[in-house]
Amino acid sequence: MSSPDAASTPPSSPFADLAAFATLPRVTGLALSPDARRLAVSVQTLDPEGKKWVSALWEVDPEGQRPPRRLTRSAPGESAPVFAPDGSLLFTSARPDPAAAADAGDPRPALWSLPADGGEARLVVGHPGGIGGVTVAADSGDVVVAASAMPGAADAEDEAARRKARKDAGVTAVLHERYPVRYWDHDLGPDTTHLFWAGRLPAEDPTGARAEPVELRDLTPDARPPAGGGEDPSLSPDGALLLVGESVPDGPAGQRSRVALVDTATGQSRPLVDDPLADVYAARFSPDGTAVVCVREALSSYAEPPDYTLLHVDVATGEIRDLTPGFDRWPSAPQFAADGSAVYFLADDGGRHALFRVPVNGGEPVRLTADGAYSDLRVARDGSALFALRSAYDEPPAPVRLDPEAPLQQPPALPSPGALGPLPGTLTEVVATAADGTSVQSWLVLPEGASADSPAPLLLWIHGGPLMSWNSWSWRWNPWVMAARGYAVLLPNPALSQGFGQDFVRRGWGSWGEAPYTDLMAAVDAALERPDLDAERTAAMGGSFGGYMANWIATQTDRFRAIVTHASLWNLDSFVGTTDAAYYWEKEWGDPFTEPRRYEQHSPHRFVDAIRTPVLVIHGDRDFRVPIGEALQLWYGLQKRGVPSKFLYFPDENHWVLTPGNATVWYETVLSFLAEHVLGQDWQRPELL
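Residues numbered from 1 in each chain as written. Predicted model: local features only at pLDDT ≥ 70, side-chain atom pairs only at ≥ 80, totals over all residues. Heavy atoms only, no water.

Some thoughts on the overall build of the chain
Looking only at helices and strands, the chain has 11 helices and 37 strands in total. Relative to the compact-globule value of 26 Å for 689 residues, the chain shows a C-alpha radius of gyration of 25 Å, a close match. Buried residues in the chain amount to 56% of all 689 residues. The long-range share in the chain, meaning contacts at least 24 apart out of those at least 6 apart in sequence, stands at 57%. Counting every atom, the chain has about 28,500 Å² of accessible surface; 50% of that belongs to carbon and sulfur. Taken as two groups, the 56 positive and 90 negative side-chain charges of the chain have centres that lie 2 Å from each other. (Helix = DSSP H or I, 4+ residues; strand = E, 2+ residues; numbered from the N terminus. Rg over C-alpha atoms; globule rule 2.2 N^0.38 Å. Buried < 20%, exposed > 50% of the residue type's maximum accessible area, 1.4 Å probe, protein only. Contact = heavy atoms within 4.5 Å. Areas by Shrake-Rupley, 256 points an atom, 1.4 Å probe, with all protein chains shown as cover. Lys, Arg positive; Asp, Glu negative; His and termini not counted. Charge placed at Lys NZ, Arg CZ, Asp CG, Glu CD.)

Here we look at the pairing of strand S19 (residues 278-285)
For S19, the buried fraction is high: 6 of the 8 residues fall into the buried class. Two strands pair when backbone bridges link them, and S19 and strand S20 (residues 291-298) are joined in this way by 6 bridges, in the antiparallel orientation. Looking at the pairing, Ala278 lines up with Ala298 of S20. Remark: 5 residues form the turn of the hairpin made by S19 and S20, two consecutive strands paired antiparallel; Gly289 in that turn has positive phi of roughly 80°. (Pairing = 2+ DSSP bridges.)

Brief notes about the sheet that holds strand S8 (residues 122-125)
What the 4 strands build is an open sheet, ordered S5-S6-S7-S8; its pairing is antiparallel. Strands at the two margins of the open sheet, each flanked by one partner only, are strand S5 (78-83) and S8. For this sheet the average axis-to-axis angle between neighbouring strands, irrespective of direction, equals 35°. As judged from the 4 bridges shared by S5 and strand S6 (residues 89-93), these two strands associate in the antiparallel manner. Paired with Phe83 across the strands is Leu89, a residue of S6. (Axes fitted to C-alpha atoms, helices over the stretch in contact; angles between N-to-C directions.)

Quick look at the side chain of Ser93
By the element assignment, Ser93 lies in strand S6. When its relative accessible area of 3% is taken as the criterion, Ser93 is described as buried. Reaching out from Ser93, the side chain makes a polar contact with the backbone nitrogen of Arg95 at a distance of 3.0 Å. Here Ser93 is in contact with Ser74, Gly77, Glu78, Arg108, Pro109, Ala110 and Trp112, once residues within four sequence places are set aside. (Polar contact = N/O pair within 3.5 Å; in protein donor to acceptor, adjacent residues only side chain to side chain.)

Some thoughts on the nonpolar core
Counting residues in hydrophobic clusters, the biggest one holds 71 residues, and the most contacted among them are Leu458, Leu460, Leu533 and Ile553. Top contributing element to this core by residue count: helix H5 (residues 515-527), with 8 residues. Setting aside residues no more than four positions away along its own chain, Leu533 makes contact with Leu444, Leu446, Pro455, Ala456, Leu458, Ala488, Ala527 and Leu528. By size, the runner-up hydrophobic cluster in this structure holds 42 residues, among which are Trp443, Trp473, Tyr667 and Ala675. (Core = buried A, V, L, I, M, F, W, Y, C linked by side-chain atoms within 4.5 Å.)

Looking at the confidence of the model for the chain
On average, the chain scores 94 in pLDDT, and the residues at 70 or more come to 97%. Taken together, the stretch residues 1-10 has pLDDT below 50 and engages in 30 contacts with residues farther than four places along the chain or on a different chain. (pLDDT = per-residue confidence, 0-100.)

Points about the sheet that holds strand S36 (residues 615-620)
Taken in spatial order, the 8 strands make up an open sheet running S30-S31-S33-S32-S34-S35-S36-S37, and their pairing is mixed. Edge positions in the open sheet fall to strand S30 (425-433) and strand S37 (645-650), since each of these has one partner strand only. Within the sheet, the average angular offset between the axes of one strand and its neighbour, ignoring direction, is 20°. Relative to S37, S36 is paired through 6 bridges, and the arrangement is parallel. Along S37, the bridge assignment pairs Val617 with Phe647. Each of strand S35 (562-566), S36 and S37 is contacted by helix H10 (residues 629-640), which is oriented at about 160° to S37, the strand it contacts most.

Thoughts on the packing of aromatic side chains
The full count for this structure, using the stated rule, is 27 aromatic pairs. Here the aromatic rings of Phe327 and Phe356 are separated by 5.3 Å at their centres, their planes lie at 75°, and the arrangement is edge-to-face. In this pair, Phe327 sits in the loop between strand S22 (320-322) and strand S23 (332-336) while Phe356 sits in strand S25 (residues 352-359), placing the two residues 29 residues apart along the sequence. There is no split in this pair, since Phe327 and Phe356 are both buried. Consider the rings of Trp512 and Trp589, whose centres lie 5.0 Å apart with planes at 80°: the pair is edge-to-face. (Phe/Tyr/Trp six-rings, centres within 6.5 Å; stacked < 30°, edge-to-face > 60°.)

Concerning unusual backbone geometry
Comment: phi is negative for the bulk of residues other than glycine, and the bulk of peptide bonds are trans. In this chain, Tyr179 is followed by Pro180 through a cis amide linkage whose omega measures 5°. With respect to the secondary-structure elements, Pro180 resides in the loop between helix H2 (156-169) and strand S11 (182-183). With omega at -5°, the peptide bond leading from Gly189 into Pro190 counts as cis. In this structure, Pro190 sits in the loop between strand S12 (186-187) and strand S13 (192-199).

Things to note about the pattern of salt bridges
Considering all chains together, one arrives at 34 salt bridges under this definition. Salt bridges here are not isolated pairs; linked through shared partners, they connect Glu246, Arg256, Arg258 and Asp274. (Salt bridge = Lys/Arg side-chain N within 4 Å of Asp/Glu carboxyl O.)

A short note on the packing of H5 against helix H6 (residues 545-556)
It is the contact of H5 with H6, at a shortest axis distance of 11 Å, that shows an interaxial angle of 80°. Viewed along their axes, H5 and H6 adopt a mutual orientation that is roughly perpendicular. Mapping the contact onto sequence places Pro516, Tyr517, Leu520 and Met521 in H5 and Phe545, Met549, Trp552, Ile553 and Gln556 in H6. Considering only residue class, the contact of H5 with H6 consists of 8 nonpolar, 1 polar and no charged. (Parallel < 35°, antiparallel > 145°, perpendicular 65-115°, else oblique. Nonpolar A, V, L, I, M, F, W, Y, C, P; charged D, E, K, R; others polar.)

A word on H5
Here H5 is 13 residues long and its end C-alpha atoms lie 18 Å apart, about the 18 Å a rise of 1.5 Å per residue gives. Where H5 is concerned, the buried positions are Ala515, Pro516, Tyr517, Asp519, Leu520, Met521, Ala522, Ala523, Val524, Ala526 and Ala527. (Expected span 1.5 Å × (residues − 1).)

Things to note about the pairing of strand S29 (residues 395-402)
Of all 8 residues in S29, 6 are buried; the element is thus mostly enclosed. Sheet topology note: the strand S28 (residues 386-392)/S29 ladder contains 6 bridges and is antiparallel. Across the sheet, residue Ala392 finds its bridge partner in S29, namely Glu395. Where S28 folds back onto S29 in an antiparallel hairpin, the turn is made up of 2 residues.

Below, the structure is given as structure tokens:
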């Protein structure tokens with residue numbers, strides 16, 4: 001059998017060269033002008049030193065006729081684009097203020113405005129804590145910004161003084177009085193995200209004179225982490241009301257989210273949807289401002305996984321109606337149609353992330369897209385079209401134009417800076433049958449040249465979550481890098497994956513080592529029935545929950561030649577006690593002090609003596625979702641038992657490993673480890689390690 005390597009892929013393929021792969025432009029974010037004549041996207045590219053990705057804003061033709069053109073260009077980059085009613089483009093950037101004093105220090109992210117008819121961008125709103133986001137009222141043009149604020153700061157001057165005092169005193173300590181203390185990859189406190197009223201931004205002075213600084217008014221003075229002063233806020237079209245997501249206590253050391261309504265003139269706030277049995281979030285106003293749509297996520301329990309539906313809320317009366325009763329998928333990111341008669345939303349469905357439309361006055365949701373994964377949905381104000389970013393496992397995100405009502409569309413991509421050439425292989429779909437008769441869907445990436453005469457080695461790649469599914473392009477977990485080196489990559493959606501119905505999730509709830517594991521093995525068995533795959537050369541890898549499953553697989557079978565486990569759960573008891581949101585996981589697993597059964601049955605560390613397969617452990621020290629202690633325990637257990645193993649440790653990376661240099665080393669190490677144990681090649685230590 002042949003040993004695949006990069007030579008099996010044409011030299012022009014950027015996936016065969018990790019340095020070239022890192023330079024590929026990455027499209028994120030989408031903004032639509034009020035007249036639907038302009039689209040703006042954020043495009044990430046490597047900076048000149050190759051040490052970080054920097055975003056710039058580009059304009060894309062909504063009609064697909066003109067080539068894309070770059071709008072912004074600065075070393076710090078620009079992001080979070082949103083159009084104002086006058087056609088100007090607002091964005092955040094840490095670019096220096098031309099009017100600032102030379103000794104002003106490093107600039108913080110601020111809000112900038114690019115005129116509709118072109119010209120230089122100007123700084124319009126700043127804050128000592130930096131501007132982290134912006135929302136704009138569709139009709140009035142009023143602006144609310146998100147900024148990080150210190151407790152008790154009365155105004156921007158006081159804010160700056162408090163930050164300077166801590167810095168001058170060398171104080172980094174944080175006093176916590178409630179749980180949690182960390183979130184994903186950052187410590188919480190002492191500052192918290194607040195929402196500030198900026199109102200209508202001053203027009204540019206035709207003489208070039210600098211406008212007076214915008215005076216910000218705190219609309220969420222009692223904000224608490226981690227959502228802070230309002231996750232994903234939304235202004236009513238007239239700017240009079242602001243929807244915010246609030247974190248509120250839910251039992252000892254727990255919390256949940258609710259939707260509150262803030263009067264922007266007075267700052268008075270009242271709960272709009274406050275359900276003690278659910279998280280409520282992602283709220284959006286109707287075009288006339290009289291109604292709100294939001295997501296209700298029923299809180300999970302020891303017996304039941306979460307379930308999702310969409311709520312329609314009358315702003316004046318508070319009357320609530322369920323828009324998606326009996327819909328056996330999990331709706332997300334809702335927003336109203338241009339005339340308010342329907343709501344669009346996204347949901348995982350059968351290995352796709354599809355766009356749906358549901359009438360406000362009742363009716364079944366209609367799926368509008370056939371294939372692919374959609375995000376960043378934008379509705380033209382005249383109702384003529386929808387715009388979104390679309391991706392799939394064989395195409396990176398790109399903007400598309402959709403019909404507002406036609407079902408099962410397959411829209412072509414609009415010309416954008418993120419277009420790629422041919423991929424080093426093909427994508428196909430595989431369906432397996434689990435032991436209980438359930439269908440298990442997978443995506444299979446096949447490398448060029450795989451055949452019965454030259455079968456490809458198989459890499460099982462398990463998704464994280466666990467409540468997610470493989471359905472969209474990923475730069476961080478990219479199977480085409482593996483395919484460029486001759487590997488086939490299997491991307492299964494086992495029990496616990498969303499998009500296959502509530503019962504499919506229930507099959508793995510609280511029992512990760514049972515149906516999820518047997519589903520994965522069934523998916524591998526089905527794939528290996530193909531003559532173009534080599535059953536003797538296989539490996540398994542995954543991150544987060546996928547890392548847990550990789551660890552579990554290592555304790556249950558020796559059918560694979562290598563295991564790669566990234567940011568993985570190893571000891572479920574210690575994980576729940578040290579993760580950033582223990583209350584969430586306790587709902588599924590129970591109190592580890594009084595209900596240890598699930599922990600004992602499904603924690604891989606209890607079966608460490610069964611591991612025979614070589615293991616590559618990978619973890620970042622800034623990962624607070626799955627703390628580094630999980631990797632340290634796993635590494636010690638492997639070394640103590642003489643299991644062939646390596647530990648790739650990132651002192652300053654988080655759950656994902658995001659900087660270009662470290663991401664490249666990640667791929668280099670994984671590929672070298674697989675080449676050694678799957679292909680029988682000599683271990684090649686990455687040069688920079």
